[in-house]
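# Breakdown of the fold
Here are the chains, one letter per residue:
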Amino acid sequence: MKLRTLLSSALLFSCSLATHAADTSRVLNLAEANKLVTLPLHCVETPYPYKTGVVLGSAADLQEPSKLHPIFYGCFDWHSAAHGYWSLVTLLRQFPDLTQAAEVKALLERNLTAEKVAQEVAFFSKDINASFERTYGWAWLLKLSDELHSWPDPLAQQLAANLQPLADLLVQRYISFLPRLLYPVRVGEHTNTAFGLSFAYDYAVNRRHTALQQLIAQRAKDYFLQDKNCPINWEPSGYDFISPCLEEIGLMQRILPAEQFLPWLNAFMPQLAGPDFSLAVGKVADRTDGKLVHLDGLNFSRGWNLYALAKQYPQYAHLRKVADQHLAYSYPNLIGDSYEGGHWLGSFAIHALNSAKP
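Thresholds applied
All residue numbers refer to position in the chain's written sequence, counted from 1. Totals for whole chains, interfaces and linings use all residues, but because this is a predicted model, local features are given only for residues with pLDDT of at least 70 and pairs of side-chain atoms are given and counted only at 80 or more. In computing side-chain values, all of the structure's heavy atoms are included and hydrogens and water are not. Fitted lines through C-alpha atoms serve as axes, helices being fitted only where they are in contact, and the angles separating the N-to-C directions of these axes extend from 0 to 180 degrees. Strands here are runs of E lasting at least two residues and helices are runs of H or I lasting at least four, both read from the DSSP assignment and numbered beginning at the N terminus. What sets the label is the angle itself: under 35 degrees gives roughly parallel, over 145 gives roughly antiparallel, 65 to 115 gives roughly perpendicular, and the rest give oblique. What makes a crossing left-handed is the near helix being turned counterclockwise from the far one by less than a right angle; a clockwise turn instead makes it right-handed. Contacts are residue-level and defined by heavy atoms, with any inter-residue pair within 4.5 Å sufficient. Ten residues, namely Ala, Val, Leu, Ile, Met, Phe, Trp, Tyr, Cys and Pro, are considered nonpolar, four, namely Asp, Glu, Lys and Arg, are considered charged, and the remaining ones, Gly among them, are considered polar. Any pair of nitrogen or oxygen atoms within 3.5 Å is treated as a polar contact; in protein, a donor-acceptor pairing is required on top of that, and neighbouring residues in sequence qualify only through side-chain atoms on both sides. Salt bridges are counted wherever a side-chain nitrogen of Lys or Arg sits within 4 Å of a carboxyl oxygen of Asp or Glu. Here the expected span of a helix is defined as 1.5 Å times the quantity of residues minus one. Three labels apply to residues, based on accessible area from a 1.4 Å probe with only protein chains included: buried if under 20% of the type maximum, exposed if over 50%, partly exposed otherwise in between. Directions are taken from the helix axis to each C-beta atom, and the arc is the one they span.

## Details of the packing of helix 11 (residues 193–206) against helix 13 (residues 244–255)
At a minimum axis distance of 8 Å, the contact between helix 11 and helix 13 shows a crossing angle of 30°. One finds that helix 11 runs roughly parallel with respect to helix 13. The crossing of helix 11 and helix 13 is left-handed. Of helix 13, the residues touching helix 11 (which contributes Ala194, Phe195, Leu197, Ser198, Phe199, Tyr201 and Asp202) are Glu247, Glu248, Gly250, Leu251, Arg254 and Ile255. Class assignment of the residues belonging to the contact of helix 11 with helix 13 gives a composition of seven nonpolar, two polar and four charged.

Structure below.
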């Protein structure tokens, strides 16, 4: 069933999960890409409202966000701007015939310049900003860099080269920080360690950065290899936008070979193997509340991890239905959503839909 049908179906707001399960297959196609691209186009150059997250060293640090972050000053905060740019690049790479392709290219050329990247690097290079966006924003910046490098287009390659100094700096931040992080952070928000390592691991693999890849693999084992019986029934917490249990699975699926991963998974969440496994979606009571709307993100996070598991391991193919149910609940609310969700949730939806591909 096409996503545009889901978007137009008012019934999805009130129907039960059983109804969702019967009609929840979806694809990311050009029509949907033309809708989704409007979200980052609207926000990446929208300066306010904005949440800085900046530690002030002196009055000199009280500057307009666009002065501190000449690229990532939109979309309410730095990390949302980073994955907003990732959305633009991803959609344009997959769908070069986007209606607004020329506008997207012009925006990327206007903002992902070497000069502006140098200003972002200067900000991160200050000692007082050593923990800025650790590790959620770091992960999305590396994902943006990885997407640009993966796109064999002259424009993308130039933009990737422009962005590389910031990517290199954040790689070094990971290498410096992870040996000092003695215990993982297991919350369902920005500081979640498993999520913060997953995109960085993908970057390390794709860019052949052996030191980063090996460090993440080792620290992931240190943090998570002995985990058992993840309390999925504790999810979601009220503000979760990523799934602590399933993000951990997603990371360990990346770093462990099948002969190690499958026994680990069976100990970590044995209930996933049951063909009748079910998981209630995270319900949102108020999508104008920036914290409560996080739960739509949780549904997408669960979706992309369940899709990845079902895709790689046929014995978990039944989890695709559970993932579909989560997307069916949250996807129809993206277009026309309030800014509280619209400034970031499109990126989560795109990643989930791409993970759903066979």
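Let us keep going from here.
## Considerations on the side chain of His79
By the secondary structure assignment, His79 is in helix 6 (residues 78–94). Polar contacts involving the side chain of His79 include one to the side chain of Glu133, which spans 3.0 Å. Look past the residues within four positions of His79 in its chain and what remains in contact with it is Glu133, Tyr136, Gly137 and His190.

## Things to note about the pattern of salt bridges
For the structure shown, the criterion picks out 11 salt bridges. For Lys291, the salt bridge goes to Glu189, with nearest N and O atoms at 2.9 Å. Pair noted here: Lys291 is in the loop between helix 14 (258–268) and helix 15 (294–312) and Glu189 is in the loop between helix 10 (154–177) and helix 11, with a separation of 102 residues, a long-range link. Among the salt bridges present, the one from Arg254 reaches Asp202, with a minimum N-O distance of 2.9 Å.

## Some words on helix 8 (residues 114–125)
In this model helix 8 runs 16 Å from its N-terminal to its C-terminal C-alpha over 12 residues, within 8% of the 16 Å that 1.5 Å per residue would give. Turning to helix 8, its buried residues are Val117, Glu120, Val121, Phe123 and Phe124. Mapping the buried residues of helix 8 onto a view down its axis gives an arc of 160°, with all of them on the same face. In this fold, the buried residues of helix 8 make contact with helix 5 (65–68), helix 6, helix 9 (136–149) and helix 10.

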